[in-house]
Each structure stands twice: as C-alpha cells, then as structure tokens.
Amino acid sequence: PVTAYVNLSPSYKNPFDAGSKQGAKITLDRTAYWNGQNMRRTELIPQTTAPINRGKVYYHFSLMRKDVNAPATTREHQIAFFESHFTELKSGWLSGSPGTEDTKLRWCVSGQTHWSVEWEADVWHNFAYEIDFSAGTVGLWHSENGEPLKRVVDPVRTSASSDGKDWHVGVLELPRSGYNDFDEDFYFSGVYIENGEITTSVSGPGESPY
C-alpha cells in the first residue's frame, strides 16, 4: 500500500512553516526496491504542465530526520534530485569513499560537494535550489528551523536540465554489500517551486505561483 512508503500529517511538517497544512514522511522499508533491482527508493514527482524547467526558478523544500528510523550513515542516499543528478542532496557514506560511514548532509553539483553540515536529528533544514536553466547554473539557499533562507553557495555552472517531470522529492539509497536493510524515514515540508524573486520566509509565499 502507498502508506508503506508515503504518509501525510500535520505532525510531519516544519512547525515554523505556517504556509503548509501537512508534511510528508517518506519511508524506505524492506519492500522499497526499484523494479527488482537492489537499490531502494521512494519519491514523489511532479504532475504539471507548468514551466518548472525553464528560465530561473527556485525549488523549495525542507528536510528533517529523527533518531527513530534514522537514515543509515553507512550507505549513500541521493535526496531531492533530478534524473541527470545535476544537483541533489546526499547523506551517508558516499560510494567509493574511504571509511565506513558519514554523518553529513551534503549539497552536490554534478556529484561534487559544494556545501555540507552535520545532519542532526530533529533539525529542519530549509533549502531552495536556485536553478537557471537558461544560463546553466545552480546555487543554494539554506536555513534551519524557522530562520529565513540565505544564499550559502553562489550559482555554479552545471548541465542544468529537466523535462519538468523528473524532480524527485524523496530518496534513492544505493546498495552496499555487508550492510543490512533497516526502515528509514525522511521528513519533507514546504515543497513548492517559484519564479521571480525568491521567497525567503519558511512559511512560503502563501500561494504558489504555479
């Protein structure tokens, strides 16, 4: 059932986000394998004809984890990504890296880390990807809990591309030999896309222009 993977509730949203009625809990469980492959993934994708893949747009979302069903630090998680992975968040041990685990939440452009933070439980991280599809650049805005967004990475060049249907709100977990599966929960709040001037309030614009 859908509720094995996606659940909505007011208790799942950023409490500082007065513009959202509910948040989403995205779950990886023992059945969340993609088409018989050995990767686990649960994502929501857009169903819209709006021009979310043109010009300069801001992709907003907030992300949080808890200690209960915490994402594994021993596997790579690709979070809030596009099909080409030109920009995304990552958590956990990055494939091919030394060591056995990684406790950071990272923002990556074309696979390279440009910003990171220790991913602690019960802290809401608010993000906006500043994507200019015309110029081929992407920057990052960030804040915690109820603080307004601030630009933390100026736009960098990348092959920004999207068909308007490949924005994945959720997570893909890569497999790793010798590490067992456990249930993992990722909490999302305040997901919307806008053009024009960026809205820095965590409560959002009140009504999305799309």
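Provided above is the structure to which this section pertains.
Residues numbered from 1 in each chain as written. Predicted model: local features only at pLDDT ≥ 70, side-chain atom pairs only at ≥ 80, totals over all residues. Heavy atoms only, no water.

Student: I keep staring at the packing of aromatic side chains and nothing clicks. Help me out?
Tutor: Under the defined criterion, the tally for this structure stands at 13 aromatic pairs. The interplanar angle of 90° and the centroid separation of 5.7 Å between the aromatic rings of W115 and F127 together place this pair among those described as edge-to-face. Of this pair, W115 sits in strand β8 (residues 112-118) while F127 is found in strand β9 (residues 125-132), placing the two residues 12 residues apart along the sequence. Judged by its relative accessible area of 14%, W115 is buried. Taking relative accessible area as the criterion, F127 reaches 1% and is therefore assigned buried. Geometrically, the ring pair formed by W119 and F186 is tilted, given 6.2 Å between the ring centres and 40° between the ring planes. Here the residue W119 occupies a position in the loop between β8 and β9, and F186 occupies one in strand β13 (residues 184-194), the gap between them amounting to 67 residues. An aromatic cluster is defined as three or more aromatic residues linked by ring pairs; in this entry it consists of Y59, F61, F82, F86, W115, F127, Y129, F133, W167 and F188. Looking at R41, its charged tip hangs above the ring of W34, at a distance of 4.6 Å from the centre. Residue placement shows R176 over the ring face of W93; its charged tip is 3.5 Å from the ring centre. (Phe/Tyr/Trp six-rings, centres within 6.5 Å; stacked < 30°, edge-to-face > 60°. Helix = DSSP H or I, 4+ residues; strand = E, 2+ residues; numbered from the N terminus. Buried < 20%, exposed > 50% of the residue type's maximum accessible area, 1.4 Å probe, protein only. Lys NZ or Arg CZ within 6 Å of the ring centre and 35° of its normal.)

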